[in-house]
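# Structure assessment
Listed here are the chains, written in short residue letters.
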Amino acid sequence: QVQLVESGGGLVQPGGSLRLSCAASGIGFGVAAMGWYRQAPGQQRELVASITSGGGTNYRNSVKGRFTISRDNNNLTVYLQMNSLNPEDTAVYYCYVRRSILALPYWGQGTQVTVSS
């Protein structure tokens with residue numbers, strides 16, 4: 001079965017950094033896009049960053065210049081390097097993998113990121 005396992009979340013002080021990882025298994029060939037959403041309490045899930053198999057990236061405006069998304073060469077692991085974190089970044093972060101534009105995404109289990117002193 002397809003599984004996405006996230007790691008790297010935790011508690012960090014404002015201004016600190018955190019690196020999230022998401023490893024996909026059972027996905028087979030055909031990854032078209034990978035990325036990260038996040039959801040804070042009382043908020044809708046929002047796209048944080050995405051990356052296509054060709055390397056194109058997209059970022060939410062509020063994280064531009066602070067976050068960097070990347071992937072491994074076989075598109076089975078996606079990373080999110082988060083710098084200059086602030087309390088507004090506190091949320092559960094979910095990774096996703098989309099096999100193609102015709103397929104629904106697969107989701108990770110979520111990892112909590114808390115930015116607080």
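The text that follows walks through the structure, step by step, so that each part is easy to find. (Residues numbered from 1 in each chain as written. Predicted model: local features only at pLDDT ≥ 70, side-chain atom pairs only at ≥ 80, totals over all residues. Heavy atoms only, no water.)

## What about the nonpolar core?
Threshold: Nine residue types can take part in a nonpolar core, namely buried Ala, Val, Leu, Ile, Met, Phe, Trp, Tyr and Cys, and a core is a set of them joined through side-chain atoms within 4.5 Å. Type-normalised accessible area, obtained with a 1.4 Å probe on protein chains alone, sets the label of each residue: buried when under 20%, exposed when over 50%, and partly exposed for intermediate values. Helix and strand labels come from DSSP, where a helix needs a run of H or I of at least four residues and a strand needs a run of E of at least two; each type is numbered from the N terminus. By the convention used here, residues are in contact when the closest approach between their heavy atoms is within 4.5 Å.
Counting 27 residues, the largest nonpolar core has Trp 36, Leu 80, Met 82 and Tyr 93 as the members making the most contacts within it. Secondary-structure elements contributing two or more residues to this core are β3 (18-25), β4 (33-39), β5 (46-52), β7 (67-71), β8 (77-82), β9 (91-98) and β11 (111-115). When neighbours within four sequence positions are excluded, Leu 80 is seen to be in contact with Leu 18, Arg 19, Leu 20, Trp 36, Val 48, Ala 49, Phe 67, Thr 68, Ile 69 and Tyr 93.

## A short note on the sheet that holds β7
Note the following rule: At least two bridges found by DSSP between two strands is the condition for calling them paired. Interaxial angles span 0 to 180 degrees and are taken between N-to-C directions of axes, which are lines fitted to C-alpha atoms, for helices over the stretch in contact.
Read across the sheet, four strands follow the order β1-β3-β8-β7 without closing on themselves; strand pairing throughout is antiparallel. Every interior strand has two partners, whereas the edge strands, β1 (3-7) and β7, have only one. Across the sheet, the mean angle separating the axes of adjacent strands is 15° when strand polarity is ignored. Relative to β3, β1 runs antiparallel, the two being bridged by five bridges. For Val 5, the partnering residue across the bridge sits in β3 and is Ala 23.

## Some thoughts on the packing of aromatic side chains
Each aromatic ring pair is summarised here by two numbers: the centre-to-centre distance and the angle between the ring planes. Selection criterion: Each aromatic pair joins two rings of Phe, Tyr and Trp (for Trp, the six-membered one) with centres within 6.5 Å, and gets the label stacked for planes under 30 degrees apart, edge-to-face for over 60, and tilted for any other angle.
Evaluated as defined, the whole model comprises three aromatic pairs. Taking 5.3 Å as the distance between ring centres and 70° as the angle between the ring planes, the aromatic pair formed by Tyr 37 and Trp 107 counts as edge-to-face. Remark: Trp 107 occurs in strand β10 (residues 106-107) and Tyr 37 occurs in strand β4; sequence separation between them is 70 residues. Look at Tyr 37 and you get partly exposed, because its relative accessible area is 23%. For Trp 107, a relative accessible area of 37% puts it in the partly exposed group. Ring centres of Tyr 96 and Trp 107 lie 5.8 Å apart, and the angle between their planes is 50°; this geometry places the pair in the tilted category.

## Focus: the pairing of β11
Along any regular strand the residues' side chains alternate between the sheet's two faces. The alternating pattern of β11 places Thr 111, Val 113 and Val 115 on a buried face, while none of Gln 112 and Thr 114, on the opposite face, is buried. Both β9 and β11 contribute to a ladder of three bridges, which runs antiparallel. Pairing of Val 92 across the sheet is with Gln 112, part of β11.

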